[in-house]
Amino acid sequence: MACLPGKPLQLPHHAIDEMMSSQRSIVLGGTGLVGSHIVRQLVMAGERPLTLSRRPRTDDHVDWLQGDLARPADLALPLVEQLFCTVNIQLLADALPCVATPSLRRVVVFTSTSIVTKANSEIESEREGVRRLAEGEQRLIAVCDRLGIGWTILRPTLIYDEGRDANITRLAGLIGRFGFLPLLGGGTGLRQPVHAEDLAIGALAAMAAPAAANKTYVLAGCDVMTYREMVGRIFDGMARSRRLISVPPWVWRAAFLAMKPMLPHANVEMGIRMAQDMNFDSSAAQADFGWNPRGFHPQFLSR
C-alpha cells in the first residue's frame, strides 16, 4: 500500500455521491475520537446527520437527539437508512431490535484489533474485555441478519489524533514531562498507527460500498514500523531529539511498580507488548472500498 503524505484524506467521489443520494444517517458516539470525525465528514458530504447524546446539545449542522443507548426502550429514532457506531458494540447489539427503523439498511460498527492482540494478555481484565468485544461482534451479526440489515465491522489498529487520543498523545505527554522514554528491550514489536480522521473516511467509504456488506475488516495504518521507530516519530513531531532508553524486563517491572502512582492508567503488560508484533493486512479493505490511510508522521508543534 502506497502511503500518502501527512495531510488529511478526502472522501472518494463515489462515496460522496452515495451519501448525497441517501436518506439521513445517525452516528452513535458522535462526540468521540472517531465518531466526531464521522459527523464532520457527513456534514462535508452535504448531509445533516443525527447524533445521539445523553446531554442536550445544539449544532447548526447536526441534529442532536437526547437519549441513552443503554435504555433503548425510551428511544424513538427518526427514519434513517445508515447507522454508524463507535460506542460499545454490545450496547448496539442489545439496542438494535428496539431502535431499528424500517428504513435502516446498513450499519457500520467499530471494534478493535485488540480482539487478536490482547487475547492472551497477562491481565485478566484485558482478556475479559476482548472476550466481550468478540462476543458483541457475533451478537450484532446475528441481530442484523435476523432484521435483514447489512453490517460491516471495522477493526482499527492503534488509533491516534494529535492532542485527543489516549495512545500517541499520552506518549507525547510522557516525553514532554520527562524528556525521554524507556522501552522494554529494543521495542522491536511492529506497529501500524492509524489516524482517527482516516478511520472516519474509511467508515463512510465502507458504508457506500456494496462489496463491504456483511464483512469484517482490519483498518491498519499505512506505515509498518517498530515500536521504537513509532516513538521516535513522536519525538520528531515534537521537534525533540530522540531519547529512548532500553531496559531489561526485570528493571522494567521494578521501575513500573515504583512509578505506578504517577501513571495510574498504565500496566506492566504495556511494556511486554512493545516486543509483540501488531501489524495486520488491510488489503481486503483496500480492494473493497479503497482504504488508503496517511503515513505516520504526527505533529504536535501547532497544538
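Please read all numbers here as calculations on a predicted model, not as lab measurements. (Residues numbered from 1 in each chain as written. Predicted model: local features only at pLDDT ≥ 70, side-chain atom pairs only at ≥ 80, totals over all residues. Heavy atoms only, no water.)

(A) Just the overall build of the chain, in detail. When its secondary structure is counted, the chain shows 11 helices and 13 strands. Counting across all 303 residues of the chain, residues that qualify as buried make up 50%. In the chain, the share of contacts with a sequence separation of at least 24, taken over all contacts with a separation of at least 6, comes to 76%. For the chain, the exposed area adds up to about 14,000 Å²; of that, 54% sits on carbon and sulfur atoms. (Helix = DSSP H or I, 4+ residues; strand = E, 2+ residues; numbered from the N terminus. Buried < 20%, exposed > 50% of the residue type's maximum accessible area, 1.4 Å probe, protein only. Contact = heavy atoms within 4.5 Å. Areas by Shrake-Rupley, 256 points an atom, 1.4 Å probe, with all protein chains shown as cover.)

(B) Quick look at the sheet that holds strand 4 (residues 82-85). On the basis of which strands lie adjacent, the open sheet formed by 7 strands has the order 3-2-1-4-5-6-11 and parallel pairing. Either end of the sheet is taken by a strand with one partner, and the two such strands are strand 3 (63-66) and strand 11 (215-219). Between one strand and the next, the sheet's axes are offset by a mean angle of 20°, whatever the strand orientation. Here 4 bridges tie strand 4 to strand 5 (residues 106-110), and the two strands are oriented parallel to one another. From the neighbouring strand, Gln82 faces strand 5, where its bridge partner is Arg106. Helix-sheet contacts for helix 2 (residues 35-44) involve strand 1 (25-28), strand 2 (50-53), strand 4 and strand 5, and the interaxial angle to strand 1 is about 165°. Contacts from helix 5 (residues 124-147) reach strand 5 and strand 6 (150-156) within the one sheet, and its direction differs from that of strand 6 by about 160°. (Pairing = 2+ DSSP bridges. Axes fitted to C-alpha atoms, helices over the stretch in contact; angles between N-to-C directions.)

(C) Inspection of the nonpolar core at higher detail. Ranked by size, the top nonpolar core spans 28 residues in total, and within it Ile38, Phe84, Phe110, Leu154, Leu199, Leu219 and Phe289 carry the most contacts. Of all elements in the fold, only helix 2, strand 5, helix 7 (196-208), strand 11 and helix 11 (283-289) reach the threshold of two or more residues within this core. It is helix 7 that provides the largest number of residues to this core, a total of 8 residues. If sequence neighbours within four positions are ignored, Phe110 has contacts with Val34, Ile38, Cys85, Thr86, Val87, Leu154, Pro156, Leu199, Ala203 and Leu219. (Core = buried A, V, L, I, M, F, W, Y, C linked by side-chain atoms within 4.5 Å.)

(D) Structural view of the packing of aromatic side chains. Taken as a whole and judged by the stated rule, the model has 3 aromatic pairs. Ring centres of Phe178 and Phe180 lie 6.4 Å apart, and the angle between their planes is 55°; this geometry places the pair in the tilted category. (Phe/Tyr/Trp six-rings, centres within 6.5 Å; stacked < 30°, edge-to-face > 60°.)

(E) The arrangement of the packing of helix 6 (residues 168-178) against helix 8 (residues 227-237) in detail. Two elements in contact, helix 6 and helix 8, have axes separated by 10 Å at closest approach and are oriented at 65°. Classified by the angle their axes make, helix 6 and helix 8 are roughly perpendicular. The two elements helix 6 and helix 8 cross, and the hand of that crossing is right-handed. Mapping the contact onto sequence places Ile168, Leu171, Ala172 and Ile175 in helix 6 and Tyr227, Met230, Val231, Ile234 and Phe235 in helix 8. Its residues assigned to classes, the contact of helix 6 with helix 8 shows 9 nonpolar, no polar and no charged. (Parallel < 35°, antiparallel > 145°, perpendicular 65-115°, else oblique. Left-handed = near helix turned anticlockwise from the far one by under 90°. Nonpolar A, V, L, I, M, F, W, Y, C, P; charged D, E, K, R; others polar.)

(F) Structural context of unusual backbone geometry. Even without a glycine there, the phi angle at Asn214 is positive, about 60°. Tracing the chain through its elements places Asn214 in the loop between helix 7 and strand 11. Judged by relative accessible area, Asn214 falls into the partly exposed class, the value being 42%. Even without glycine at this site, Ala239 takes up a positive phi of about 55°. Here Ala239 shows up in the loop between helix 8 and strand 13 (244-247).

(G) Spotlight on the layout of surface pockets. If you add up the space inside the second largest pocket, you get close to 340 Å³. The wall of the second largest pocket is formed by 15 residues, among which Gly29, Leu52, Ser53, Arg54 and Val87 lie closest to the centre. Of the residues belonging to the lining of the second largest pocket, the class tally is 6 nonpolar, 5 polar and 4 charged. (1 Å grid on protein atoms, 1.4 Å probe; cavity = no way out; pocket = protein on both sides within 12 Å on 5 of 7 lines; lining within 4 Å. Points joined across faces, edges and corners; volume = space filled by probe spheres on them.)

(H) Structural view of the side chain of Asp161. Position of Asp161 among the secondary structure elements: in the loop between strand 7 (159-160) and helix 6. We classify Asp161 as buried; its relative accessible area is 5%. Here the side chain of Asp161 touches His37 through a polar contact of 2.7 Å, side chain to side chain. Every residue in contact with Asp161, bar those within four places of it in the chain, is listed here: Leu33, His37, Thr169, His195 and Ala196. (Polar contact = N/O pair within 3.5 Å; in protein donor to acceptor, adjacent residues only side chain to side chain.)

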